[in-house]
2 protein chains.
Amino acid sequence: MTRPGGRSARVRDAVHEAVVELLAAGEIDAAIPKIAERAGVNPTSVYRRWGTRDHLILDAAVTRLRATSPIPDTGSLRGDLLGWAEGVEASMRDRHGQILLRALVATLAPGEEPLEYLRARGDDLQAMIDAAASRGEPVPSVDDVLDYVLAPLYLRVLFRRPVEPGTGAQLVERLLTALPADPAPDVRRGG
Amino acid sequence: MTRPGGRSARVRDAVHEAVVELLAAGEIDAAIPKIAERAGVNPTSVYRRWGTRDHLILDAAVTRLRATSPIPDTGSLRGDLLGWAEGVEASMRDRHGQILLRALVATLAPGEEPLEYLRARGDDLQAMIDAAASRGEPVPSVDDVLDYVLAPLYLRVLFRRPVEPGTGAQLVERLLTALPADPAPDVRRGG
């Protein structure tokens, strides 16, 4: 007998992993019973937890993409952004990351799914920006970060253009250069 | 009896229109026979011309998106970019445009489809940039235009974030501001 929290987390991980494997195998239309079977869990548990296949795919994609690009706490906005963008870039150069991004975009299509999973990602970025603002650094908005850094990286993958190494860092520098009164590079790093 | 070119263009338009209507009606998986039936043409003509459903969807999406954002010849890079970005923004605020973008991205997924349709769009932008360079204006690369202007507009739609009026123009100004030795606004417009 294990703690419910521990079992719950294991079920989530197993189901997410099954989703990634099925997507990677080209089974983009795999339904919940098939996902549950692969994960070794009861379909009823999957329906109870996620409700619909779209919610499950969305949760799996955002959870995995979020895990591959954690936001570090380096003490400077530049360091935080560079660390995060490096993770996003690595994820976009990876086949599984590309598959998850495509699944995420496809799942967002049908219309009125709730976006709480995406909001969590925006909240992470907002927290990074708030911390930098409280240190007195000039800061962008979350929208600026999405426009300057995330959108170009994601669009390369969605349009099957190559993601060259260093793209993430280059995009972060663009964003920082556009900020009013941008501090000099590295001045605050590790501060 | 009409000229083959005229008939060919009419078939293409009718088939593209059928694709847009079926996609708009939520029939994202409509196969070629169904598309041909709606367009009132023989399925054989569709197979002969486009080969696969993916080629057809890609051609329809790129042709329509391209038609909604023609690149004007205003005599200045700023004017050309603003005119083009206005068209892209209008298309991304329009339900049909959003549907076509989603269809385009979904169709690019399966792997190794040829990208000549997208290349044509890149060639349009390159021609605009070359004309500006020949007038002595500082110019961005096509990749810069995609990163600064197209990617943020497209990603808003793909992630179901609103496209506010004026977003296209704001993104163009960002791009121009980032150019070395950016000429003052309107100096060359109409020149």
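For clarity, every value in this text was computed on a predicted model and none was experimentally measured. (Residues numbered from 1 in each chain as written. Chains lettered and ligands numbered in written order. Predicted model: local features only at pLDDT ≥ 70, side-chain atom pairs only at ≥ 80, totals over all residues. Heavy atoms only, no water.)

Asks: Looking at this structure, how should I read the overall build of chain A?
Replies: Counting its regular elements, chain A contains nine helices and zero strands. In chain A, the order of α-helices and β-strands from amino to carboxyl end is α-α-α-α-α-α-α-α-α. Burial analysis of chain A (191 residues in total) assigns 48% to the buried set. Residue pairs in contact within chain A that sit at least 24 positions apart in sequence constitute 68% of those at least 6 positions apart. About 9100 Å² of surface is accessible on chain A, with carbon and sulfur atoms providing 53% of the total. (Helix = DSSP H or I, 4+ residues; strand = E, 2+ residues; numbered from the N terminus. Buried < 20%, exposed > 50% of the residue type's maximum accessible area, 1.4 Å probe, protein only. Contact = heavy atoms within 4.5 Å. Areas by Shrake-Rupley, 256 points an atom, 1.4 Å probe, with all protein chains shown as cover.)

Asks: Please explain the interface of chain A and chain B as it appears in this structure.
Replies: How big an interface is tends to be stated in terms of the accessible area lost upon association of its parts. Contacts between the two partners involve 28 residues from chain A and, on the opposite side, 28 residues from chain B. A combined buried area of about 2500 Å² lies between chain A and chain B, and 56% of that area is made up of carbon and sulfur atoms. Interface area lost by chain A to chain B is led by Asp147(A), Phe159(A) and Arg160(A), which between them contribute 28%. Taken together, the links from chain A to chain B amount to eight salt bridges. For Arg174(B), the salt bridge is made with Asp144(A), and the minimal N-O distance between the two is 2.9 Å. Between chain A and chain B we count 13 residue pairs in polar contact (both at pLDDT 80 or more) in total. (Buried area = accessible area lost by both parts, 1.4 Å probe. Salt bridge = Lys/Arg side-chain N within 4 Å of Asp/Glu carboxyl O. Polar contact = N/O pair within 3.5 Å; in protein donor to acceptor, adjacent residues only side chain to side chain.)

Asks: Even after reading the chapter, I still don't get helix H9 (residues 167-178) of chain B, so can you show me in this structure?
Replies: Each α-helix turn comprises 3.6 residues. Residues three or four places apart therefore point the same way. Helix length check: H9(B), at 12 residues, gives a terminal C-alpha distance of 17 Å against a target of 16 Å (1.5 Å per residue), a fit within 8%. What H9(B) keeps buried is the set Thr167(B), Gly168(B), Leu171(B), Val172(B), Arg174(B), Leu175(B) and Leu176(B). Residues of H9(B) that are buried sit in contact with helix H8 (142-158) of chain A together with helix H5 (77-92) and helix H8 (142-158) of chain B. (Expected span 1.5 Å × (residues − 1).)

Asks: Just checking my understanding: could you explain the relation of the copies chain A and chain B for this structure?
Replies: Two copies of one chain are present, and they are related through a rotation about an axis combined with an axial shift. For the match of chain A to chain B, the screw axis carries a shift of 0.0 Å, the RMSD comes to 0.0 Å, and the turn is 180°. This pairing of chains is accounted for by a two-fold axis. Ranked by how close their C-alpha atoms come to the rotation axis, the residues of chain A are headed by Ala151(A), at 2.6 Å. In this assembly, 100% of the residues forming the interface of chain A have copies in chain B that are likewise at the interface, indicating an isologous arrangement. (Least-squares fit on C-alpha atoms with pLDDT ≥ 70 in both.)

Asks: Just checking my understanding: could you explain the UniProt feature "DNA-binding region" (unreviewed entry) in chain A for this structure?
Replies: According to UniProt, the positions carrying the feature "DNA-binding region" (unreviewed entry) are residues 31-50 of chain A. Here residues 31-50 of chain A runs as 80% helix and 0% strand, with 13 Å between its end C-alpha atoms. (UniProt positions renumbered as here; feature names shortened; annotations may be inferred.)

Asks: Which parts of the structure should I look at to understand the confidence of the model for chain A?
Replies: Low pLDDT marks regions whose predicted coordinates should not be analysed in detail. Across chain A, the average pLDDT comes to 87, with 87% of residues at or above 70. Low pLDDT, under 50, characterises residues 182-191 of chain A; the stretch is placed with 22 contacts to residues that sit more than four places away or in other chains. (pLDDT = per-residue confidence, 0-100.)

Asks: Mind showing me how you'd approach the packing of helix H2 (residues 32-39) of chain B against helix H3 (residues 43-50) of chain B here?
Replies: Helices that pack against each other are described as a pair by the angle of their axes relative to one another and the distance between those axes. All names here are of chain B. Between H2 and H3, whose axes approach to 8 Å, the crossing angle comes to 115°. Like other packed secondary-structure pairs, H2 and H3 cross with a definite hand, here right-handed. Taken together, the residues of H3 that come into contact with H2 (itself represented by Ile32, Pro33 and Ala36) are Pro43, Val46 and Tyr47. In terms of residue class, the contact of H2 with H3 is built from six nonpolar, no polar and no charged. (Axes fitted to C-alpha atoms, helices over the stretch in contact; angles between N-to-C directions. Left-handed = near helix turned anticlockwise from the far one by under 90°. Nonpolar A, V, L, I, M, F, W, Y, C, P; charged D, E, K, R; others polar.)

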